[in-house]
Amino acid sequence: MTPLLEQFLSEARDFLQGIGEKLMQLENDPGNAELMTELFRFVHTLKGNSGLFEFPEMTRVLHAGEDLMDAVRHDQVKFSKELADRLLDAMDFVGLLCDEIEATGSIGATHAVDSARLAASLRELIVKVDSPAAVTAVVAAALLATLAKTHASSGEVEPLPLVDIPESVRMDAYRHACNGVALHWLDYAPEEECFFQGDDPFFQARNTPGILWGNITARQPWPILAEMDAYRCVLDFHLLTAAPREELDEYFRYMPDQVRMVSVPPLSLALPDGKHNGGPVYEDFVVHAISLLGDGRLEGLGRAARTMLDLSKPDLWLSSALRWLLLVMELEPENQDAFGALIKSLRHLVPPQWGEHQQEISGKSLAPTNGLTSAEAEAMTALITVQRNILTLPIEASWQLGRIKAAAATLSGCLKASGDLAALPGLEAATANALDEAASTPLLTWLDDKLEQTRQATPVPKIEPATLVVDSSTEAVQAVSDAEGTSKFGQRAEDNIASPKSLKVDQTKIDRLMNLIGEMVVSKNALPYLAGRAETVFGVRELSREIKAQYAVINRIAEEMQDAIMQIRMMPVSFVFQRFPRLVRDTSRKLGKEVNLVLEGEETEADKNIIESLGDPLVHIVRNSLDHGFELPEVRRAAGKPAAGTLTIRATQESDRVVIEVSDDGKGIDPTVIKQKAYEKGLIDEAALERLSDQEAVNLVFASGFSTMEVVSDLSGRGVGMDVVRTAVEKVNGTVVLESEKGKGTRLRLSLPLSMAVTNVMIVESDGQIFGIPMDSVVETVRVPRNAIRTIKSSQVTVLRGCIVPLKSVNTLLDIDAPPKANDEDELAVLVVRIGDESVGLLVDDFHETMDIILKPMTGMLAGLSTYSGSALMGDGSVLMVLNVKEIL
Amino acid sequence: MSIEYKKNLVLFTDVVSVEDAEPLLEWLQKKSAARVDLSACTHLHPANLQVLMAAKPVISAWPTDIGLATWLKSALEV
């Protein structure tokens, strides 16, 4: 999973959560435009994000949601409970997709149907308010759509025009099907506007996986050529394929609403077709064949069929039926019902009804279902009701018999339209009776019977008023999801709490954790004191040892815990690095220089504060490098270097420090120029001018107020550059080292602690007080005999290993009026610290242990005391002041 | 050119794209006895197919590509 996708998922969950909350709030306060705008923004952003990936199912639903929210926002649609419900449903669906993406990295094509349905249900609401009249149409369309889907999932209802398929293809398909391949009939009705979206539905149809047969029909009669719009697609594609359902779903995943898939039972392909040759005259053969079949003499039946086939013209209906009979006998020898049906079909030359193999939901119903829209259905229902009312009127005069005829004609028309041809003879008989009796009763009885049958045949009362129809649609929806089984959709988000892998936590909470573990470390450090007291004060050695053992355990856990909390705060340096490609590109272009940026070790991690504090210094350094370091391309070429310079920013971890190196292959720094400049600005005196080594001279660029640029440019040269860098780095206990070789390039090395949370200090005692000195600056601790201390002018110095070390008394520095104490051998305790490149000895009374402390910066009134870098709480409850060595010297 | 107009005959070759539909429609409107040679055609955009279905010109040659020919016959041979 790519980081982008991970981020998308984490954001998507936030958005979904936000959308849910906003919807709830809106339910209580539907008029709140601000909430609505926010909600729209959420949906909009989420949709936009989802578009970055290949998740058409998700984008489709969100797009519909966005359109709906937009309509609500512009008061075209009123916010309602139902709207909120549907939107929440849709968002649950999106959440479900997110889960699936997280688990598998992609969305299964099976969701396409749900996605299309949800999008349609959202879009419905948009239309609703535009014109009240449209509502019925929408409901009707939705009903039809759900019905179509019910068909698709629970077997077929309408007889498919399978006869259109050439017999050879059907036989082939039948063979496939008998080998266990599922056959599907596809109706693909592309959108009228699809050409404008760059679609080629014909290509799509031609390349359908597993395609066995296909044809193209026009949706409507063609207009005269002059009125034709070639770019409005009015073609329908019909296909028979042997590809598995999943593959088809996947293939048509971008247009699930335009495709209807119906699984085809193999036997339904066995439809004899051909010339009738004057009508059914094969009774002898039928009787013979059925008796053979009844006796179980299949071989004989086969022989008889083959003989008959040889005698008949191959294009006859009879031959076709016999071919099918033989094929079915070959492939499904145990399906004797099928043989019987095929043989009997010869009597009337009507293809066998393979209906019993299909789940006919409303095949016998008066209610129009076959190819009628529900609007038409309603009209027909109304028509039938009127006929019934007419029939209930008493017949008083012979001319009124015309009413019966008219009603009968209307009803027969209805039957034809609904495809219920089997009921026609009954109607005709009833009509004849009615006319004979000169009363409408027989016809009325027939009609009532028929209606009764219809109700029984269809558990869902389709002739009932529209409200019930809508109900049935929800049932149908239920059936769809039940039938599919695999779809978990419909559960509320709460039912299935997704456990996201990453948490977004407020930084203050982490800081609190840090503080708590700090206190923990401190109180843990109290245990050794306790152990000491147990031994010295109470004289229980055993207990002291046990406390120490316990301490070791707590210590280990606390350290691990501290480490874990540190890890939370860790961030990769890429956070800072990512801004450089753009910076380098823009700046170098402005300066007319060619620079390639190389970033290395972007995944190196450090504490968030450290990383953040790195940002500005690095920008300064990079700018300086671009401005002063790199030469113009022609100069570089003249110097034999490639025209394009290389700027490398490399991050590495060295034990407990992060090292950032910025190196360029530019002109480097000329130490003599630096020295001269520094001298001119009065930063160094003449003696230093002579004495300073090249390396030291180069580091003068860090001196405050130093600038080599003659002209102040908008990039650098104001004399605040490197000075600021040093200060910023030192603030987080980091160091900067600059190395440069004239003509070859410059290298800047920033070394920063991994974390600022824990400081290692050495504890020293002076005048009865204890102080902490950061271990970073401590070089060594020595005992110097008092007689080894010399006084030069007013300063004390001593010689350590041949080097003169100036000595300063901590007491003097802190303005405490007391001399340093010596030990029994009259030796003074000297703590040697390093400030920059110089070593200084601090005279203290005594040394104590080193310790990890959580350094708290001074706050309030004390914040102005630069002498101390902070304070810390000791294990025994006392406060340790940590000296800022650089400041006091 | 994937589509070539002769006197009364239009030749389809290779893939006939969506842009060709409009000129084809115009051409067919002018010709009452148009004939279409599809033999070298490998695919045509359905916009063209619609035009052919509406104009019902005489198909003088079906595509040699059997798959395409079957599809087109289903649409044009009614």
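The secondary structure content of chain B amounts to three helices and four strands. Counting every position in chain B, which comprises 78 residues, the buried fraction comes to 38%. Long-range pairs, those at least 24 residues apart, make up 57% of the contacts in chain B with a sequence separation of at least 6.

Either a parallel or an antiparallel arrangement is found when strands of a sheet pair, and the pairing is made through backbone hydrogen bonds. All names here are of chain A. In space, the five strands of this open sheet follow the order 6-8-9-11-10, with mixed pairing throughout. On the outer flanks of this sheet lie strand 6 (595-600) and strand 10 (735-741), each paired with one strand and no other. For this sheet, the mean angle separating the axes of adjacent strands, direction not counted, is 15°. One ladder, built from eight bridges, connects strand 8 (residues 645-654) with strand 9 (residues 657-664); its direction is antiparallel. What sits directly across from Thr652, in strand 9, is Val659.

This brings us to the interface of chain A and chain B. On the chain B side, the residues contacting the 19 residues of chain A number 20 residues. Where the side of chain A that touches chain B is concerned, the elements lending two or more residues are helix 8 (201-206) and strand 2 (211-218) of chain A.

A pair of packed helices is captured by two measures, namely the crossing angle of their axes and the spacing between those axes. Residue and element names in this part refer to chain A. Their axes nearest at 10 Å, the elements helix 11 (residues 298-311) and helix 12 (residues 317-331) cross at an angle of 150°. Taken together, helix 11 and helix 12 sit at an angle that is classed as roughly antiparallel. As for how helix 11 packs across helix 12, the hand of that crossing is left-handed. Each of Leu298, Gly302, Ala305, Arg306, Met308 and Leu309 in helix 11 lies in contact with helix 12, whose residues at this interface are Ser319, Leu322, Arg323, Leu325, Leu326 and Met329. Here the contact of helix 11 with helix 12 is composed, by residue class, of eight nonpolar, two polar and two charged.

A word on unusual backbone geometry. Residue and element names in this part refer to chain A. Of note in this structure, Asp767 is not a glycine but carries a positive phi near 50°. On the basis of neighbour count, Asp767 is assigned to the partly exposed category, with 17 C-beta atoms found within 10 Å. Even without being glycine, Arg801 reaches a positive phi, approximately 45°. Residue position: Arg801 is located in the loop between strand 16 (795-800) and strand 17 (803-809).

Take helix 3 (residues 66-76) of chain B next. Of all the residues in helix 3 of chain B, the buried ones are Trp71, Leu72 and Ala75 of chain B. Viewed end-on, helix 3 of chain B has its buried residues packed into an arc of 95°, placing them on one side of the element. Packed against the buried residues of helix 3 of chain B are helix 8 and strand 2 of chain A together with strand 3 (35-44) and helix 2 (46-55) of chain B.

All names here are of chain B. Pairing of strand 2 (residues 9-16) with strand 3 involves seven bridges; the strand directions are parallel. Of the residues in strand 3, the one forming a bridge with Val16 is Leu44. In this fold, the crossover linking strand 2 to strand 3 by way of helix 1 (residues 21-30) has right-handed handedness. The sheet contact formed by strand 3 and strand 4 (residues 58-61) spans three bridges and is parallel. Residue Arg35 lies in a different strand from strand 4, and its bridge partner there is Val58.

Let's shift gears to the nonpolar core. Grouped together as the largest cluster of nonpolar side chains are 70 residues, with contacts concentrated most on Leu325 of chain A together with Val51 of chain B. Broken down by element, the residue count for this core peaks at eight residues, all from helix 12 of chain A. Not counting chain neighbours up to four residues away, the residues in contact with Leu325 of chain A comprise Ala305, Phe339, Leu342 and Ile343 of chain A. Judged by nonpolar contacts, the second largest core, of 43 residues, contains Leu9, Ala64, Phe93 and Leu118 of chain A.

This paragraph deals with the sheet that holds strand 4 of chain B. Residue and element names in this part refer to chain B. The four strands are arranged 1-2-3-4 in an open sheet whose pairing can be described as mixed. Pairing within the sheet leaves two strands with one partner each, and these edge strands are strand 1 (3-5) and strand 4. Sheet twist, expressed as the average angle between the axes of neighbouring strands with direction ignored, equals 25°.

Attention now goes to the confidence of the model for chain B. The predicted coordinates ought not to be read in detail in places where the model reports low pLDDT. With 97% of its residues at a pLDDT of at least 70, chain B reaches an overall mean of 86. Across the assembled chains, the prediction reports ipTM 0.92 with pTM 0.40.

About the criteria used
- Residues numbered from 1 in each chain as written.
- Chains lettered and ligands numbered in written order.
- Predicted model: local features only at pLDDT ≥ 70, side-chain atom pairs only at ≥ 80, totals over all residues.
- Helix = DSSP H or I, 4+ residues; strand = E, 2+ residues; numbered from the N terminus.
- Buried ≥ 20, exposed ≤ 12 C-beta atoms within 10 Å, placed from the backbone.
- Contact = placed C-beta atoms within 7 Å.
- Pairing = 2+ DSSP bridges.
- Axes fitted to C-alpha atoms, helices over the stretch in contact; angles between N-to-C directions.
- Parallel < 35°, antiparallel > 145°, perpendicular 65-115°, else oblique.
- Left-handed = near helix turned anticlockwise from the far one by under 90°.
- Nonpolar A, V, L, I, M, F, W, Y, C, P; charged D, E, K, R; others polar.
- Arc of directions from axis to C-beta.
- Right-handed = clockwise from strand over helix to strand, strands pointing away.
- Core = buried A, V, L, I, M, F, W, Y, C linked by C-beta atoms within 7 Å.
- pLDDT = per-residue confidence, 0-100.

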